[in-house]
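Below are the chains, spelled out letter by letter.
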Amino acid sequence: MLSISDLMVEVGGKPILKGINLDIAAGEVHAIMGPNGSGKSTLANVLAGREGYDVMRGSVTYGDHDLLALAPEERAREGVFLAFQYPVEIPGVTNVYLIKEAVNAQRKHRGESELDAIDFLKLVRQKLQLVEMKEEFLHRPVNHGFSGGEKKRNEIFQMAMIEPRLAILDETDSGLDIDALKVVASGVNAMRQGDRSILLVTHYQRLLDYIEPDHVHVLANGRFVKSGDKHLARELEEHGYGWLEEQADSGAGQSAA
Amino acid sequence: MTAQAVVDYLAAQQRLEPELPAPDLPWLVELRDGGVERLRVAGFPSLRDEDWRYTNVQSLLKKPFEMGSIGQCDVDAAFVSRTAIPSLECHRVVVVNGIPIPHLSDATLVPDGIRVSSLADLLVSDPGRLEPYLGKNLVPDPHGFTAMNSAFLGNGLVVEIAPGQVFDKPLEIIFVASAATESTMAQPRNLVVAGKGSRLQVLARYVAIGAQETLTNVVTEVIVDADAHLTLYQLQEESKNSFHIGGLFAKLRRGSRFDAFAITLAGGLVRNDLRVDLDGAGAEVNLRGLYLARGRQHIDNHTQIFHNEPGCISHEHYKGVLDDRARAVFHGRIVVQPDAQKTVSEQSNQNLLLSRDAEIDTKPQLEIYADDVKCAHGATVGQLDKEALFYLRSRGIAEETAKRLLIKAFANDVLLAVSPDSLRDHLLTRVEMMLAD
Ligand SMILES: Nc1ncnc2c1ncn2[C@@H]1O[C@H](COP(=O)(O)OP(=O)(O)OP(=O)(O)O)[C@@H](O)[C@H]1O
Ligand SMILES: [Mg+2]
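Only a predicted model underlies this, so the values are computations on that prediction, with no experimental measurement involved.

J.: Describe the packing of helix H4 (residues 117-130) of chain A against helix H5 (residues 148-162) of chain A, and please don't skip the residues or the numbers.
T.: Residues and elements named next belong to chain A. The interhelical angle for the contact between H4 and H5, taken along N-to-C directions, is 135 degrees, at an axis separation of 9 Å. The orientation of H4 relative to H5 falls into the category oblique. Our pair here, H4 against H5, has a crossing hand that is right-handed. When H4 is examined against H5, the residues Phe120, Leu123, Val124, Lys127, Leu128 and Leu130 are found in contact with a partner set consisting of Phe157, Ala160 and Met161. A per-class count over the contact of H4 with H5 returns 8 nonpolar, no polar and 1 charged.

J.: Break down the domain arrangement of chain B for me, with residues and values.
T.: All names here are of chain B. Segmentation of chain B into domains returns domain 1 (2-280) and domain 2 (385-437). Placing the centre of domain 1 and that of domain 2 at their C-alpha centroids yields a distance of 31 Å. The three residues of domain 1 that bury the most area against domain 2 are Tyr233, Phe261 and Leu265, which together make up 41% of that side's buried surface. Taking the shortest distance from any N to any O, the salt bridge between glutamate 237 and arginine 430 comes out at 2.8 Å. Taken together, the connections running from domain 1 to domain 2 amount to 3 residue pairs in polar contact (both at pLDDT 80 or more).

J.: So what's going on with H4 of chain A? Residues and values would help.
T.: Residues and elements named next belong to chain A. In this model H4 runs 20 Å from its N-terminal to its C-terminal C-alpha over 14 residues, within 8% of the 20 Å that 1.5 Å per residue would give. Where H4 is buried, its residues contact helix H3 (95-109) and H5. Where H4 starts, the residue carrying a side-chain oxygen 2.9 Å from the main-chain nitrogen of isoleucine 118 turns out to be aspartate 116. Within two residues after H4, glutamate 132 carries a phi angle of roughly 50 degrees, on the positive side.

J.: Give me the site of ligand 1: which residues, what numbers.
T.: All names here are of chain A. Taken together, 14 residues surround ligand 1, and among them Gly37, Lys40, Ser41, Thr42 and His203 come closest. Between ligand 1 and lysine 14, the relevant distance is 3.5 Å, taken from an oxygen atom to a side-chain nitrogen or oxygen of the residue. For ligand 1, an oxygen atom lies 3.0 Å from a polar atom in the side chain of glutamine 85. Of all the elements in the fold, those that place two or more residues in the shell around ligand 1 are strand E2 (14-24) and helix H1 (40-48).

About the criteria used
Residues numbered from 1 in each chain as written. Chains lettered and ligands numbered in written order. Predicted model: local features only at pLDDT ≥ 70, side-chain atom pairs only at ≥ 80, totals over all residues. Heavy atoms only, no water. Axes fitted to C-alpha atoms, helices over the stretch in contact; angles between N-to-C directions. Helix = DSSP H or I, 4+ residues; strand = E, 2+ residues; numbered from the N terminus. Parallel < 35°, antiparallel > 145°, perpendicular 65-115°, else oblique. Left-handed = near helix turned anticlockwise from the far one by under 90°. Contact = heavy atoms within 4.5 Å. Nonpolar A, V, L, I, M, F, W, Y, C, P; charged D, E, K, R; others polar. Domains from an automatic or database assignment. Buried area = accessible area lost by both parts, 1.4 Å probe. Salt bridge = Lys/Arg side-chain N within 4 Å of Asp/Glu carboxyl O. Polar contact = N/O pair within 3.5 Å; in protein donor to acceptor, adjacent residues only side chain to side chain. Expected span 1.5 Å × (residues − 1). Near = heavy atom within 4 Å.

As structure tokens, this is what we get:
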């Protein structure tokens, strides 16, 4: 479903991603771990189409699309969803308005009619329950004044509403308390079905206890330096990244499965 | 150019003077003569005047505007119903080129407690009701345009609200600038007197009809008596062929409240002067402004608030969205006089620039002569938030839609304080429509 090949990305002339290879098959869950500043968010943002990144080399194929050629909104309508590491506050636009526009944009793209008010509300209630969010959040401006944890929940709520084919979650677990982590994880697990693929960026083994990945990759200094199964995450928890980074500095980056 | 315009307009005034209402009423003659004299001496403003540094009126002064009459007007019932705000329940008065049109108005249906009169009629039938107020709020005339309005004083609308009367239904006044065959000028002088403890919302709309250019040089004087609460929505929706020079001069007495909205959605060249005098202890004024400009529109808001007495409150919040080569000016002057202890004053001006060529000159000016005051002011100029734009697009919302959403979100908070809902919804829709095309 997603195939990244030899992706090199610069920001303002500075190389950040230095040859990324990654294949995610339909229905798989991949986790990316790695030290601060290694390029995890950069990868997530490039996939979602954020401006300010210069792709110097390589390609990203998503289904039969050249993903990098699509505008961010086109990617979203094709089923790519990014849960932001730092969700943006938008004063003056209510959450429910955003969600409605977003859902209808998807539906329109698929040639479906807009949801009527009653069906929409039914769906909203159901998904709010999934992430244990109060209805009042619907009528507040997007993320405005939300606590860190509430923002992250709101990302998962949006994801649940939009039902993407490829969900990229950038540190959705950061800043969550234990209970919220469970809620978010079960929200994600509920979404884990059929051919939906998920790319998780996280620093913590903890999240992976709840959402079991099929593959784990370690990103260091713009390259994948190791890939493995869920047990790799536990190793990292014990030994840190140091041993891998040394490897990366001495040799070329390794391809991820 | 300025000098020639002065000569021409003074000559026009001299020709017209004998036909103006109540030509022999001494205080009125004095008022008109004062305007003539002031215009003769001061002339029209130029870029050399500090208060007009960014607003060039040469293009306006070059045009030969004729004083409009209603003879040539094509304003009829159909036009009025087209212009009416859907589902807004209100009392409506239609004024064409400064002259109230009874058969298009339902002024007779206005409940007891509000008197809506033609200024020209009242100057003849009962001038005593006007004498205490007319011209008193602008002594002397601040500039050549208000002076010209005084010189031609005769047409306009008078709204008197009896003491203690409270009204839920707003009074809507539609000022039509009509120029079918030649460039036309109207110089209405309006007066609103809110009696003690009264309460009313007035919606003053400025629209244009006809292919020719229009100049509206309007002066509105407002007196809010003790404990009264007057709300005035001013909505400028004229055309890009319109010049609009508007003066609003309000005096507030003890414990009164005045809420004024200046919403500019159209007009080629717009200059609004707004002066509020807080003349009684505990009075409160809330000024809100919204200007949306594109093309080569020019919108200038000059506001002044005078805290003359203790314990008064002023809130001022203006927002602007500028696209293309549009230009806007905001000048907000706040004066806190030595006696005005315990003043609370807050002012902001926020601007969103959508193009590189758009320009805003914003200047807050605080002059504080009392020591026990709480004052805050700030001005911002910014572009659309790129992060927010990406966030919306990443949810599948098209770039143009997302931009519109963000602009609307920026502009709308000025309108949230508008009531009734039908009026607010109309304004929100108008803003949305403007952004859509
Ligand atoms: N707009 C930018 N301008 C300059 N440098 C940038 C920009 N965006 C990212 N970088 C740099 O790129 C590198 C990778 O950043 P990125 O946000 O992808 O890291 P990360 O792996 O997500 O880190 P973290 O775990 O802290 O979230 C960092 O050194 C960062 O400073
Ligand atoms: Mg990151």
